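# Summary of the model geometry
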There are 4 protein chains.
Amino acid sequence: MSLRIIATGGTFDKHYDPQTGQLTFRDSVLPAALQRARIAQDCVLEPLLALDSLDMDDRHRQQVLQACQRSPEDRIVIVHGTDTMGETAAVLGQARISKTIVLTGAMVPYLVDGSDAFFNLGFACAAARLVGHGVYIAMNGQLFDWDNVTKNHELGRFETLR
Amino acid sequence: MSLRIIATGGTFDKHYDPQTGQLTFRDSVLPAALQRARIAQDCVLEPLLALDSLDMDDRHRQQVLQACQRSPEDRIVIVHGTDTMGETAAVLGQARISKTIVLTGAMVPYLVDGSDAFFNLGFACAAARLVGHGVYIAMNGQLFDWDNVTKNHELGRFETLR
Amino acid sequence: MSLRIIATGGTFDKHYDPQTGQLTFRDSVLPAALQRARIAQDCVLEPLLALDSLDMDDRHRQQVLQACQRSPEDRIVIVHGTDTMGETAAVLGQARISKTIVLTGAMVPYLVDGSDAFFNLGFACAAARLVGHGVYIAMNGQLFDWDNVTKNHELGRFETLR
Amino acid sequence: MSLRIIATGGTFDKHYDPQTGQLTFRDSVLPAALQRARIAQDCVLEPLLALDSLDMDDRHRQQVLQACQRSPEDRIVIVHGTDTMGETAAVLGQARISKTIVLTGAMVPYLVDGSDAFFNLGFACAAARLVGHGVYIAMNGQLFDWDNVTKNHELGRFETLR
């Protein structure tokens, strides 16, 4: 049973650019991360977007939706920025796709000391394998339903709405 | 819903000792790993043993069993060496405890470049939260039942028996 | 023979702030870096400033100059941002202090994967111990005189002027 | 002015082998380390041996000596295990080669968390560029003459003999 991993960018995948001193996007870290996790042979990686999630608009969300719809694998992990992860999850959730879709991301980039990215990827991959159809957010060691989750920006954590 | 994390040592938790040039055990890496994963507040960490799993005997496995039995949390992750993870899982599985117990470990120590440990911990924490009562092994991105798993030593991977 | 290490910030010492998604300054990485280098007992660390070197003005450079002048150690390493390292070196060089002063920094922060910071620190510490009085810049494995060095921004390297 | 870097193995260059659980030698980390240090274009890397320095015998030391003698570059860094670094330095020192030769190594492998290797490499490269002909050991932020140095095994540090 293969898993599809869709990369869209976000903090998870940011690189440091020595010329500008900014965090930007280059080749995704995911091919190396999947090797290191020893799951590369069980995954199909789809590098779809490379964006800060604050720069995502409706058109980008439709691209993510279409990628999920056309995926031959019915278990999908989406690596996404945390700032608008909830919006993308809502677009996917309202589309009622008969697949298991888990969005995850990171509070600290994969390539920065102390990153939560690799743990979150592991958590999301397990959730995508183990839960039923639906759209979920996997962050800070918890799995949230797409319609009951919000990012607490002060604490840098995801929480249930109610 | 709290998770109990029981540390028993294993490759996951090995440190390099500059005096001997050997990999040994010191303070567990798990407190730092749980902070980094941003789940420390949702976990109870129990540092039970600090052993290479090849050095585990029946007495140690009884200690692990008792720790699971007395755990007030009914969702448990055990960090364990990979070489005898199956034996410990069998002892726990045959005891038919009404809890969800997930054993995990690492092929490369947490503190060594390219380690799978942090991903495996994330995968195991998700599994412990999401599956029903039983004893499982979470390695290389898959969840195995305790009575249908073996370590393929050549490939360094866990596989189903049948 | 003790070495004085003066921290002023710069790329070397930038941290990722999960709340803003920006690279900023927090506690310096230098205490941990000196421990890891096994030189903490032979160094005096002076945390003077915590600035992007583009934000340094004449007043800050006078602070750096005064720190060098009052230093009881006559061998000094200054950790500094690369963008205006040459300007600070010029202020120190023109002051003709009878000490050995070596400025260094990093193209990639110490806490980011692939950082040159720790190598540069080693290079600068050796230079500070081994060369005569004067003001120098130690970057990309070379030692430059303060009045014959420029940063090539396209290549991200320091070069001699002539 | 190019630097020759001669790799002989040692703790600096040890890799973790997931199959055996031991630290062994594979491809040297030095090509990646020189890139990261941004000095690859100014260095010639010679992968000569890949040995624990406790396994080095006279024959190996003659190989190191010959590599130094035939080197067209007269500034040489040798990456070497710490346990017999002094013996190799003595063989080279007694040969009275008209070159600058700096031996360095690490107390913790380059690929293990908290390694001193990259700092030591930077320190050794600076020393090789800055001091006169002779044979030296660069460890724990100090430069030692080959005939006045010993490894304090309890402290894990190099010290002068007198």
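The coordinates are above.
A quick note: this is a predicted structure, and the numbers were derived from the prediction, not measured.

## A word on the interface of chain B and chain A
It is common to report an interface's size as the accessible area lost on association of the parts. In this complex, chain B contributes 29 residues to the contact, which on the side of chain A involves 29 residues. Overall, the association of chain B and chain A removes approximately 2,400 Å² of surface from exposure, summing both partners, and the carbon and sulfur fraction of that is 63%. The largest contributions to the chain B side of the interface with chain A come from Arg38, Phe119 and Leu130 of chain B, which together make up 28% of the buried area. Between the two partners, chain B and chain A, sit two salt bridges. Of the charged contacts in the structure, one is a salt bridge between Asp42 of chain B and Arg157 of chain A, with a shortest N-O distance of 3.4 Å.

## Re the sheet that holds strand 5 (residues 75-79) of chain A
Residues and elements named next belong to chain A. Taken together, the six strands give an open sheet; going across it, the order is 4-1-5-6-7-8, and neighbouring strands pair in mixed fashion. Among the strands making up the open sheet, the edge pair consists of strand 4 (43-51) and strand 8 (142-145). Mean inter-strand twist for the sheet, computed between neighbouring axes without regard to direction, equals 25 degrees. Sheet analysis places strand 6 (residues 100-104) next to strand 7 (residues 134-139), joined by four bridges and oriented parallel.

## Overview of helix 2 (residues 58-70) of chain B
Residue and element names in this part refer to chain B. Taking 1.5 Å as the rise per residue, helix 2 with 13 residues should run 18 Å; its terminal C-alpha atoms sit 18 Å apart, in good agreement. Taken as a whole, helix 2 has its buried residues at His60, Arg61, Val64, Leu65, Ala67 and Cys68. Burial along helix 2 is one-sided: seen end-on, the buried residues are contained in an arc of 160 degrees. Facing away from the buried side of helix 2 by over 90 degrees, the exposed positions are Asp58, Arg59 and Arg70.

## Examining empty space enclosed by the protein
Applying the stated criterion to the full structure yields two cavities of 30 Å³ or more. Considering only enclosed or pocket space, the largest cavity measures out at about 40 Å³ in volume. Secondary structure elements with two or more residues in the lining of the largest cavity: helix 4 (117-130) of chain C together with helix 4 (117-130) of chain D. Across the lining of the largest cavity, the residue classes tally to six nonpolar, two polar and two charged. There is about 30 Å³ of room inside the second largest cavity. Lining the second largest cavity are Leu3, Ile39, Asp42, Cys125 and Arg129 of chain A together with Phe119, Phe123 and Gly141 of chain B. Sorting the residues of the lining of the second largest cavity by element identifies helix 4 (117-130) of chain A together with helix 4 (117-130) of chain B as the ones contributing at least two each. Split into classes, the residues belonging to the lining of the second largest cavity amount to five nonpolar, one polar and two charged.

## Points about the relation of the copies chain B and chain A
Turning chain B through 180 degrees and shifting it by 0.0 Å along the axis lays it on chain A, with an RMSD of 0.0 Å. The transformation relating the two chain copies, once decomposed into turn and shift, fits a two-fold axis. Of all interface residues in chain B, 100% are interface residues in chain A too; the two copies therefore contact each other through one and the same surface.

## Some remarks on helix 2 (residues 58-70) of chain D
Residues that lie three or four places apart on an α-helix share one face, since the helix turns once every 3.6 residues. Looking at the buried side of helix 2 of chain D, the elements it contacts are strand 1 (3-9), strand 4 (43-51), strand 5 (75-79), helix 3 (85-94) and strand 6 (100-104) of chain D. Put simply, Asp57 of chain D is the residue that caps the front of helix 2 of chain D, since its side-chain oxygen is 3.1 Å from the backbone nitrogen of Arg59 of chain D.

## So, the pattern of salt bridges
Evaluation of the coordinates by the stated rule reveals 28 salt bridges over all chains. One salt bridge connects Glu46 of chain A with Arg70 of chain A, and the closest N-O pair in it is separated by 2.9 Å. One end of the pair, Glu46 of chain A, is in strand 4; the other, Arg70 of chain A, is in helix 2 (residues 58-70), and 24 residues separate them in sequence. A relative accessible area of 11% means that Glu46 of chain A is categorised as buried. A salt bridge links Asp83 of chain D to Lys151 of chain D, with the shortest nitrogen-to-oxygen separation between them at 3.1 Å.

## What about the side chain of Glu46 of chain B?
Looking at Glu46 of chain B, its side chain comes within polar contact range of the side chain of Arg4 of chain B, at 2.6 Å. The contact partners of Glu46 of chain B, leaving out residues within four places of it in the chain, are Arg4, Ile5, Ile6, Ala7, Ala67 and Arg70 of chain B.

## Concerning the packing of helix 2 of chain B against helix 3 (residues 85-94) of chain B
The angle between the axes and the distance between the axes are what describe a pair of packed helices. All names here are of chain B. Two elements in contact, helix 2 and helix 3, have axes separated by 10 Å at closest approach and are oriented at 50 degrees. Taken together, the axis directions place helix 2 and helix 3 in an arrangement best described as oblique. As helix 2 runs across helix 3, the sense of the crossing is right-handed. Residues Arg61, Gln62, Val64, Leu65 and Cys68 of helix 2 pack against Glu87, Thr88, Val91 and Leu92 of helix 3. Of the residues that constitute the contact of helix 2 with helix 3, the class distribution is five nonpolar, two polar and two charged.

## Notes on the side chain of Arg129 of chain B
Structurally, the position occupied by Arg129 of chain B is in helix 4. Among buried Asp, Glu, Lys and Arg side chains, Arg129 of chain B stands out as unpaired, with Asp42 of chain B the closest opposite charge at 5.0 Å. Only 3.0 Å separates the side chain of Arg129 of chain B from the backbone oxygen of Gly141 of chain A, close enough to count as a polar contact. Apart from residues no more than four positions distant in its own chain, Arg129 of chain B is found in contact with Phe123 and Gly141 of chain A together with Met1, Leu3, Asp42 and Arg75 of chain B.

## Overview of the sheet that holds strand 6 of chain D
Residues and elements named next belong to chain D. Here we have six strands laid out as an open sheet, ordered 4-1-5-6-7-8, and mixed in their pairing. The sheet is open, and its two borders are formed by strand 4 and strand 8 (142-145), each paired with just one other strand. Pairwise comparison of adjacent strand axes, ignoring direction, gives a mean angle of 25 degrees for this sheet. Sheet analysis places strand 1 next to strand 5, joined by four bridges and oriented parallel. Within the sheet, the bridge partner assigned to Ile6 lies in strand 5 and is Ile78. Its contacts with the sheet place helix 3 against strand 5, strand 6 and strand 7 (134-139), and it is angled at close to 160 degrees to strand 7.

The rules behind each value
Residues numbered from 1 in each chain as written. Chains lettered and ligands numbered in written order. Predicted model: local features only at pLDDT ≥ 70, side-chain atom pairs only at ≥ 80, totals over all residues. Heavy atoms only, no water. Contact = heavy atoms within 4.5 Å. Buried area = accessible area lost by both parts, 1.4 Å probe. Salt bridge = Lys/Arg side-chain N within 4 Å of Asp/Glu carboxyl O. Pairing = 2+ DSSP bridges. Helix = DSSP H or I, 4+ residues; strand = E, 2+ residues; numbered from the N terminus. Axes fitted to C-alpha atoms, helices over the stretch in contact; angles between N-to-C directions. Expected span 1.5 Å × (residues − 1). Buried < 20%, exposed > 50% of the residue type's maximum accessible area, 1.4 Å probe, protein only. Arc of directions from axis to C-beta. 1 Å grid on protein atoms, 1.4 Å probe; cavity = no way out; pocket = protein on both sides within 12 Å on 5 of 7 lines; lining within 4 Å. Points joined across faces, edges and corners; volume = space filled by probe spheres on them. Nonpolar A, V, L, I, M, F, W, Y, C, P; charged D, E, K, R; others polar. Least-squares fit on C-alpha atoms with pLDDT ≥ 70 in both. Polar contact = N/O pair within 3.5 Å; in protein donor to acceptor, adjacent residues only side chain to side chain. Parallel < 35°, antiparallel > 145°, perpendicular 65-115°, else oblique. Left-handed = near helix turned anticlockwise from the far one by under 90°. Lys, Arg positive; Asp, Glu negative; His and termini not counted.

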